[in-house]
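Per-entry structural report
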Amino acid sequence: KNQVEQSPQSLIILEGKNCTLQCNYTVSPFSNLRWYKQDTGRGPVSLTIMTFSENTKSNGRYTATLDADTKQSSLHITASQLSDSASYICVVSVFQAYSSASKIIFGSGTRLSIRP
Amino acid sequence: DGGITQSPKYLFRKEGQNVTLSCEQNLNHDAMYWYRQDPGQGLRLIYYSQIVNDFQKGDIAEGYSVSREKKESFPLTVTSAQKNPTAFYLCASSVSGRAVYNEQFFGPGTRLTVL
């Protein structure tokens, strides 16, 4: 069964500290993996995308890693800011050769709170 | 929110009533999607459309209906048959449904509450 599991479910850190969010998936065959940031009451916004051949991708203070062998990804946030308080969602796409549409599996997200 | 608008932002409905949620995009995207988000759960796909006048059921289509008469518009109707409609509804679009182009741009969402 295609699944995406994220941990921790929630996390509280002090402003300025670093943190790492985890994503494990059992999706096969794998197409790509995205991390989205979702502010409360808003739609998700894409942070990074990685395909099978990529193992790291940065977007400012956000760095995502991918280990396609162990089917794990992480999102590292450096020098956290109050505006980083949001839910972070890991999304994995399944390659479907018989269909022009891709299957997309969403994780349930990690809720990150940054305290001043 | 990436050229996708949803209205209204908040919607209240009495039990037994149908209600339609609006979604419009000006990104010239072929594919559009409707998701439902409940607390502590990942987004679940309700319906998607890869092209005008065509749409397919997602994982939780029961109690919902859609239409795609125009490329820019993909309205979702929550019918009285939906047993637990209170949720946050998100509309998204992508260049196409193919994996290579499937970065989805999301609207701001509509929070539906059934009284």
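Now for a description of the structure that goes with this document. (Residues numbered from 1 in each chain as written. Chains lettered and ligands numbered in written order. Predicted model: local features only at pLDDT ≥ 70, side-chain atom pairs only at ≥ 80, totals over all residues. Heavy atoms only, no water.)

Re the sheet that holds strand β7 (residues 64–66) of chain B
Residues and elements named next belong to chain B. The following threshold applies: One requirement defines pairing of two strands: DSSP has to find at least two bridges between them. Put simply, DSSP marks the helices as runs of H or I at least four residues long and the strands as runs of E at least two long, and each gets a number from the N terminus on. To get an axis, fit a line to the C-alpha atoms, keeping to the stretch in contact for a helix; angles then go from 0 to 180 degrees between the N-to-C directions.
Spatially, the 4 strands line up as an open sheet ordered β1-β3-β8-β7, and their pairing is antiparallel. Two strands in the sheet have a free side with no partner beyond their single neighbour: β1 (4–7) and β7. Adjacent strand axes in the sheet meet at a mean angle of 20 degrees, parallel and antiparallel pairs treated alike. Where β7 and strand β8 (residues 76–78) come together, 3 bridges link them in antiparallel fashion.

Focus: the pairing of strand β3 (residues 19–25) of chain B
Residues and elements named next belong to chain B. The line we're drawing: Here the term buried applies to any residue with accessible area under 20% of the maximum for its type, exposed to any over 50%, and partly exposed to those in between, with areas from a 1.4 Å probe on protein chains only.
Burial along β3 is one-sided: V19, L21, C23 and Q25 are buried, and none of T20, S22 and E24, which face the opposite way, are. Looking at chain direction, β1 and β3 are connected through 4 bridges and run antiparallel. Bridge pairing links I4 to Q25 in β3. Two strands pair when backbone bridges link them, and β3 and β8 are joined in this way by 3 bridges, in the antiparallel orientation. Looking at β8, one finds that V19 is bridged to V78.

Considering the sheet that holds strand β6 (residues 56–59) of chain A
All names here are of chain A. Read across the sheet, 5 strands follow the order β1-β3-β8-β7-β6 without closing on themselves; strand pairing throughout is antiparallel. Pairing within the sheet leaves two strands with one partner each, and these edge strands are β1 (4–7) and β6. Strand-to-strand twist of the sheet, defined as the mean angle between neighbouring strand axes without regard to direction, takes the value 15 degrees. The pairing of β6 with strand β7 (residues 62–67) spans 4 bridges and is antiparallel.

Examining the nonpolar core
Within soluble globular proteins, side chains that are nonpolar tend to cluster in buried spots. Our working definition: Side-chain atoms within 4.5 Å are what join buried Ala, Val, Leu, Ile, Met, Phe, Trp, Tyr and Cys residues into a set we call a nonpolar core. When checking whether two residues touch, look at their non-hydrogen atoms; a contact exists if any pair is within 4.5 Å.
In terms of nonpolar packing, the biggest core is built from 26 residues, with A:V4, A:Y25, A:L33, A:W35, A:L75, A:Y88 and A:V92 touching the most fellow members. When contributions to this core are tallied by element, the ones reaching two or more residues are β3 (19–25), β4 (30–38), β5 (45–51), β7, β8 (72–77), β9 (86–94) and β11 (110–115) of chain A. With 5 residues, the single largest contributor to this core is β9(A). Residues contacting A:Y88, with those up to four places away along its chain left out, are A:Q6, A:L21, A:W35, A:Y36, A:K37, A:L47, A:Y62, A:L75, A:I77, A:G109, A:T110 and A:L112. In terms of nonpolar packing, the next biggest core, distinct from the first, is built from 19 residues, B:M32, B:F74, B:A87 and B:Y89 among them.

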